[in-house]
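# Topology and contacts: notes
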Amino acid sequence: PPRAAVAAGESAVAVLQRVWGYEAFRGEQQAIIEQVAAGGDALVLMPTGGGKSLCYQVPALLREGTGVVVSPLIALMQDQVDALEALGVRAAFLNSTQAPDERRRVEQALLDGEIDLLYLAPERMGVPATQQLLDRAAIALFAIDEAHCVSQWGHDFRPDYLQLGAIAQRWPGIPRIALTATATAATRDEIVERLHLEDARRFVSSFDRPNIQYRIEGKAEPRAQLLRLIRQEHPGEAGIVYCLSRKSVEQTAEYLVKQGVAALPYHAGLDAGVRARNQARFLREDGLVMVATIAFGMGIDKPDVRFVAHLDLPKSVEGYYQETGRAGRDGLPSTAWLAYGLQDVVQQRRMIDQSEGTPQYKRSLSAHLDAMLALCETVQCRRGQLLRYFGEDAPARCGNCDTCLNPPERLDGTVPAQKLLSTVYRLQSERGQRFGAGQLVDILLGKETERIRSNRHDQLSTYGIGTELAEAEWRGVVRQLLAQGLLAVSSDGYGTLGLTEASRGVLVGEREVHLRREAARPAKAAKRKAA
Ligand code: ADP
Ligand code: ZN
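In what follows, the accompanying structure is described. Source: prediction; values computed, not measured.

## Quick word on the overall build of the protein
- Helices and strands together make up the secondary structure of the protein, namely 21 helices and 17 strands.
- When its C-alpha atoms are laid out on the principal axes, the protein stretches across 85 × 45 × 45 Å.
- Out of the 531 residues in the protein, the part that is buried amounts to 44%.
- Here the contacts in the protein between residues at least 6 apart in sequence split such that 74% fall between residues at least 24 apart.

Take a look at the structure:
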């Protein structure tokens, strides 16, 4: 019999120790495994690195038949199967990358009861042939990994996930376990509804990752700031740097290599072979920095990633949390660092405006962005804000984020906001004028540029009335007003700034504005605490 075959009466812990060589279950693993092994359904919310895989792998071995795992991570299926086979678990996958005879071999092994765990791409579940195949096989359980992909208004919707709701009707007696690392209350409810998990027991782990130090700073010279982070705090250590565009991935990787940092690029535009090679090197070698788009990282299990850096603003708190969660899976001190600037806000608002989709979809993108901006601009504990976003209680201060370590100075922003908004108001009334943040700040500072002169902006009543703040501080004010919805970027594609409904309240003195004071240079990070 295969090495992982479970003897009658063998306990879950015994299987864990014998097959995986681990001593004990972590957190809620045991309770989850007992629930599913006994034939019940489960909804598992556990942060990245929490150990979700064992929650379906162990019950699949304990129960008669094959555990069917639906996962969107097709690129990782081979690795997952290899890792299980190395443990003596009989694993296989079915997806579109396979040759037909390889697929037939797996199908036959399934029918012969020779597979403990079968990984399936979600689109396979909608294919009648697959359904008929599964009808004829003995199935131990269905595991639906990355279950948040079913959420239509979530940050990572995959249409193929919608058909997974049908599993409940077609195979009613078979236990189902849905797992995700992203779960706001709304996503959770949507998973339950769409996957028909009303009777599932819910297992909600804490999303806190106490060893990760969260830091968000203003973007001045992002690459130099990144280099400082690497040299001063993480020299020779493994890290991931996320950029929005492929071009910026390549430029950043080149820059780091020139500066003597061992960095590799990764994005969907690279040749598949190069991608696979870079990923394999990152996993196997020590101290490499992967510069990547968010195409990189799902399902990557490298325990000693010491930092995750974002050079562009993530589109949602869910994405930010998931990406930063790849740092410090081994529990040792790690850094989540984000540089963000005015241009990020302008660009993302524009991308939402120009995106295809229903108004409801755009509103959902906007709401996700707003939550991310609120995290960037908070004067309170970042971790607290993050945890409360996921519906979890948190103490007022964590002691291991930038706002706790270096409390930001607050600025009574009402007067600066009034000066800025009235300038916007005056420019708006000049028809056909298109001016972005740069011109606004120049006007407030009373600069004598060609653009000021030719547009006669030195005649405006707000010209030169803002010298109490430095240029970087004014840009911070613009950014924060945008984040707070007190300014809006028009959809003209020029980054023109306009007033919103809420800005009138500020202009007429009915509403106060609170801002973070922008450090002229980013505050030097406090020494990391030991975890
Ligand atoms: P997730 O899917 O939640 O991100 P994984 O299932 O990939 O997490 O597990 C993360 C890491 O923790 C893996 O290396 C896994 O082997 C390890 N792990 C999980 N559970 C245990 C345990 N009970 N004891 C020791 N290591 C564990
Ligand atoms: Zn904190």
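Structure's up, so let's keep going.
## Topic: the sheet that holds strand S11 (residues 289-292)
- Pairing in this open sheet of six strands is parallel, and the strands run S8-S13-S12-S9-S11-S10 from one edge to the other. Of all the strands in the sheet, just strand S8 (212-218) and strand S10 (263-266) have a single pairing partner and so form its edges. Across the sheet, the mean angle from the axis of one strand to that of its neighbour is 15°, orientation sign disregarded.
- Pairing of S8 with strand S13 (residues 334-340), which is carried by seven bridges, proceeds in the parallel orientation. Bridge pairing in S13 places Tyr214 opposite Ala336.
- Where helix H11 (residues 272-284) meets the sheet, its contacts fall on S10 and S11, and the angle it forms with S10 comes to roughly 140°.

## Overview of the packing of helix H2 (residues 29-37) against helix H3 (residues 53-62)
- Look at H2 against H3: their axes get within 9 Å of each other, and the N-to-C directions meet at 40°. Here H3 runs oblique to H2, going by the angle between their axes. When you trace H2 past H3, the crossing you get is right-handed. For the pair formed by H2 and H3, the contact residues are Gln29, Ile32, Ile33, Val36 and Ala37 on the first element and Leu54, Cys55, Tyr56, Val58, Pro59 and Leu62 on the second.
- Of the residues belonging to the contact of H2 with H3, the class tally is ten nonpolar, one polar and no charged.

## Some thoughts on the pairing of strand S2 (residues 66-70)
- Among the five residues of S2, five are classified as buried, and the element is accordingly described as predominantly covered.
- Of the two faces of S2, the one holding Thr66, Val68 and Val70 and the one holding Gly67 and Val69 are both buried throughout.
- Where S2 lies against strand S5 (residues 139-144), five bridges are found, and the strand directions are parallel. By the bridge assignment for S5, Gly67 is matched with Leu141.
- As defined by bridge partners, S2 adjoins strand S4 (residues 117-120) across four bridges and the pair is classed as parallel. By the bridge assignment for S4, Val68 is matched with Leu118.

## Comments concerning the environment of Asn406
- Along the chain, the position of Asn406 falls in the loop between helix H16 (402-405) and strand S14 (410-412).
- In this structure the C-alpha to C-alpha distance between Asn406 and Thr252, which are 154 residues apart in sequence, comes to 28 Å.

## Brief notes about unusual backbone geometry
- Phi angles above zero are rare outside glycine, and His196 is one such case at about 55°.
- Relative to the assigned elements, His196 resides in the loop between helix H8 (185-194) and strand S7 (201-204).
- Here the phi dihedral of Arg456 falls at roughly 55°; this positive angle occurs in a residue that is not glycine.
- Tracing the sequence through the fold places Arg456 in the loop between helix H19 (450-454) and helix H20 (471-483).

## Considering H11
- With 13 residues, H11 extends 18 Å from end C-alpha to end C-alpha; this agrees with the ideal 18 Å at 1.5 Å per step.
- Taken together, the buried positions of H11 are Arg275, Asn278, Gln279 and Phe282. In a view along the axis of H11, the buried residues occupy a sector of 100°, so they form one face of it. Exposed and oriented more than 90 degrees from the buried face of H11 are Gly273, Ala280 and Arg284.
- Each element contacted by the buried residues of H11 is listed here: S10 and S11.

## A word on the sheet that holds strand S1 (residues 42-45)
- Sheet architecture is open: seven strands sit in the order S3-S4-S2-S5-S6-S1-S7, paired in parallel fashion. Looking at which strands have only one partner, the edges of the open sheet turn out to be strand S3 (91-94) and S7. When the angles between neighbouring strand axes are averaged without regard to direction, this sheet yields 20°.
- Alignment of S5 against strand S6 (residues 176-180), held across three bridges, turns out to be parallel. Bridging across to S6, Ala143 finds its partner in Ile177.
- Of the strands in this sheet, S1, S5, S6 and S7 touch H2, which is tilted by about 160° from S1.

Calculation notes
Residues numbered from 1 in each chain as written. Chains lettered and ligands numbered in written order. Predicted model: local features only at pLDDT ≥ 70, side-chain atom pairs only at ≥ 80, totals over all residues. Helix = DSSP H or I, 4+ residues; strand = E, 2+ residues; numbered from the N terminus. Buried ≥ 20, exposed ≤ 12 C-beta atoms within 10 Å, placed from the backbone. Contact = placed C-beta atoms within 7 Å. Pairing = 2+ DSSP bridges. Axes fitted to C-alpha atoms, helices over the stretch in contact; angles between N-to-C directions. Parallel < 35°, antiparallel > 145°, perpendicular 65-115°, else oblique. Left-handed = near helix turned anticlockwise from the far one by under 90°. Nonpolar A, V, L, I, M, F, W, Y, C, P; charged D, E, K, R; others polar. Expected span 1.5 Å × (residues − 1). Arc of directions from axis to C-beta.

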